[in-house]
Amino acid sequence: MKPIVYVTRTIPEVALALLRQYCEVIYRDEVPPPSREEILRSVENVDAIYCTLNERMDKEIIDTSPRLKVIGTMSVGVDHIDVEYATSRGIYIVYTPGVLTETTADLAFALMLATARRVVEGDRMIREGRWKLAWAPTMMLGYDVHGKKLGIIGLGRIGAAVARRAKGFNMKIYYYDIMRRRELEDELGVEYMELPQLLKESDFISIHVPLTAETKHLISEKELRMMKPTAILINTSRGPVVDEKALVKALREGWIAGAGLDVFELEPLPADSPLIELPNVVLTPHIGSASYDTRNRMAEYAAEGIIKVLKGEEPENLYNREVVKIRPLHSVKMI
Ligand code: NAP
């Protein structure tokens, strides 16, 4: 009998075709995520769940299928999965590290440039018929990016890719991370700083930590008050890493100059969010990895991971490596 995999929503065809080669696929071919009740109903008897970051994989869902062996998520963030519980139950978690790194770093840089140089404000000015003077010495002035100081919070895969781009802009690069990255300090010429010092020194701050209990509201009122009034904050990690209420206050009251945000505490961003009214903010709808090539590769990578586990082979994109000791791979082999 083929293993059964539940796919929570529409995914690129390349991944679906791959899953169908080896599995019986329960495919919910709809773009919006399923309701919790629908997930609970659908996973009762499955061997694998293929999900995205919008579906919370908690204890109740994990316990619904006694046959569950692997959860594959089409994301590098795993904050929507109860990793500890899944691991204790011997459930393998596969994710998509690496394949979205460069695409997400591109967007972080796009937000940095767009916010500093008021690209969206300028576009709006033209479309709304407010461009009256062809050129004026003081019109729409912004901040240079080249040659400035960039502080990277979380020098992992994406943080390092942002640093590589910043080198091309001749920026001075600082970083803060839970660990010193000495090999990257040598390779990229980046300098380690404790968080308060990095906040005080940097002209641009770009956040690239995962969302965990430790990083929730890592940037809140205290941290925002340490930043320069000319500084710009970029967040392409996860919304709750920044205390959004405090950020709105900081932007309104001019503690910082601007923000470029791809992620929010609540997504989609509510229509009455005060961020929408602020001119010094550039907003994108969680599209960090949203390029045609990268989304195809992410979809395929998550599918490959699921299949590997069901073949009893260790996938390179296994997130909870310690699970192997709890439930050896030969005992999950179905293909
Ligand atoms: P990564 O390679 O794991 O990098 C994260 C870095 O942050 C690591 O160096 C990590 O250190 C460090 N870190 C973890 N906890 C920390 C803490 N409490 N304080 C300081 N540093 C800490 O991950 P990545 O691939 O670069 O992705 C980063 C995050 O970006 C993902 O988790 C995801 O949430 C987000 N993301 C968003 C989008 C989007 O669409 N906007 C796209 C892709 C990714 P350790 O390795 O020692 O833990």
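Refer to the structure above for everything that follows.
No experiment lies behind these values; they were computed from the predicted model shown.

Undergrad: Teacher, can you tell me more about the side chain of Glu-55 here?
TA: In this structure, Glu-55 sits in the loop between β3 (48-51) and α3 (59-64). A relative accessible area of 1% means that Glu-55 is categorised as buried. In this structure the side chain of Glu-55 is engaged in a polar contact, spanning 2.7 Å, whose partner is the side chain of Thr-8. Here Arg-9 takes part through its side chain, which lies 3.4 Å from a polar atom of the side chain of Glu-55. With residues up to four places along the chain from it excluded, the contact list for Glu-55 reads Thr-8, Arg-9, Pro-33, Pro-34, Ile-39 and His-80.

Undergrad: Please clarify how the site of the ligand should be interpreted in this entry.
TA: Of all residues adjacent to the ligand, which total 26 residues, the nearest are Arg-157, Ile-158, Asp-177, Thr-236 and Asp-262. Contact with the protein chains removes 85% of the 910 Å² of surface that the ligand exposes when unbound. For the shell around the ligand, a count of residues per class yields 9 nonpolar, 11 polar and 6 charged.

Undergrad: Quick question: what am I supposed to make of the sheet that holds strand β5 (residues 92-94) here?
TA: Note: strands within a sheet are paired through backbone hydrogen bonds, in either parallel or antiparallel orientation. Pairing is parallel in the open sheet, where 5 strands are placed in the order β2-β1-β3-β4-β5. Edge positions in the sheet fall to β2 (24-27) and β5, since each has one partner strand and no second. On average, each strand axis in the sheet is inclined to that of its neighbour by 20 degrees, with strand direction left out of account. As defined by bridge partners, strand β4 (residues 70-73) adjoins β5 across 3 bridges and the pair is classed as parallel. The residue bridging Gly-72 from the neighbouring strand is Val-94, located in β5.

Undergrad: Hey, could you run me through the pattern of salt bridges in this one?
TA: A side chain with one charge may pair with a side chain of the opposite charge, provided their charged atoms come close. Scanning all chains against the criterion turns up 28 salt bridges. Here Arg-165 and Asp-106 are joined by a salt bridge, their closest N and O atoms 2.8 Å apart. Of the two residues, Arg-165 sits in helix α7 (residues 157-168) while Asp-106 sits in helix α5 (residues 101-116), which places them 59 residues apart along the sequence. For Glu-128, the salt bridge is made with Arg-130, and the minimal N-O distance between the two is 2.9 Å. One network of salt bridges, with partners in common, ties together Arg-28, Glu-30 and Glu-38.

Undergrad: Explain the nonpolar core to me, please; I cannot follow it from the model alone.
TA: One broad trend across soluble globular proteins is that nonpolar side chains are buried collectively. Grouped together as the largest cluster of nonpolar side chains are 58 residues, with contacts concentrated most on Leu-19, Tyr-50 and Met-171. When residues of this core are assigned to domains, at least three fall in each of domain 1 (4-97 + 292-331) and domain 2 (101-283). By size, the runner-up hydrophobic cluster in this structure holds 30 residues, among which are Leu-195, Leu-199, Leu-224 and Ile-256.

Undergrad: Can you walk me through helix α11 (residues 244-252) in this structure?
TA: One full turn of an α-helix is made of 3.6 residues, so residues set three or four places apart face in the same direction. Among the residues of α11, Glu-244, Ala-246, Leu-247, Val-248, Ala-250 and Leu-251 are the ones counted as buried. On its buried face, α11 is in contact with α10 (221-226), β10 (232-235), β11 (258-261) and β12 (281-283). Phi turns positive, to about 75 degrees, at Gly-254, one or two residues after α11.

Thresholds, definitions, all that
- Residues numbered from 1 in each chain as written.
- Predicted model: local features only at pLDDT ≥ 70, side-chain atom pairs only at ≥ 80, totals over all residues.
- Heavy atoms only, no water.
- Helix = DSSP H or I, 4+ residues; strand = E, 2+ residues; numbered from the N terminus.
- Buried < 20%, exposed > 50% of the residue type's maximum accessible area, 1.4 Å probe, protein only.
- Polar contact = N/O pair within 3.5 Å; in protein donor to acceptor, adjacent residues only side chain to side chain.
- Contact = heavy atoms within 4.5 Å.
- Near = heavy atom within 4 Å.
- Areas by Shrake-Rupley, 256 points an atom, 1.4 Å probe, with all protein chains shown as cover.
- Nonpolar A, V, L, I, M, F, W, Y, C, P; charged D, E, K, R; others polar.
- Pairing = 2+ DSSP bridges.
- Axes fitted to C-alpha atoms, helices over the stretch in contact; angles between N-to-C directions.
- Salt bridge = Lys/Arg side-chain N within 4 Å of Asp/Glu carboxyl O.
- Core = buried A, V, L, I, M, F, W, Y, C linked by side-chain atoms within 4.5 Å.
- Domains from an automatic or database assignment.

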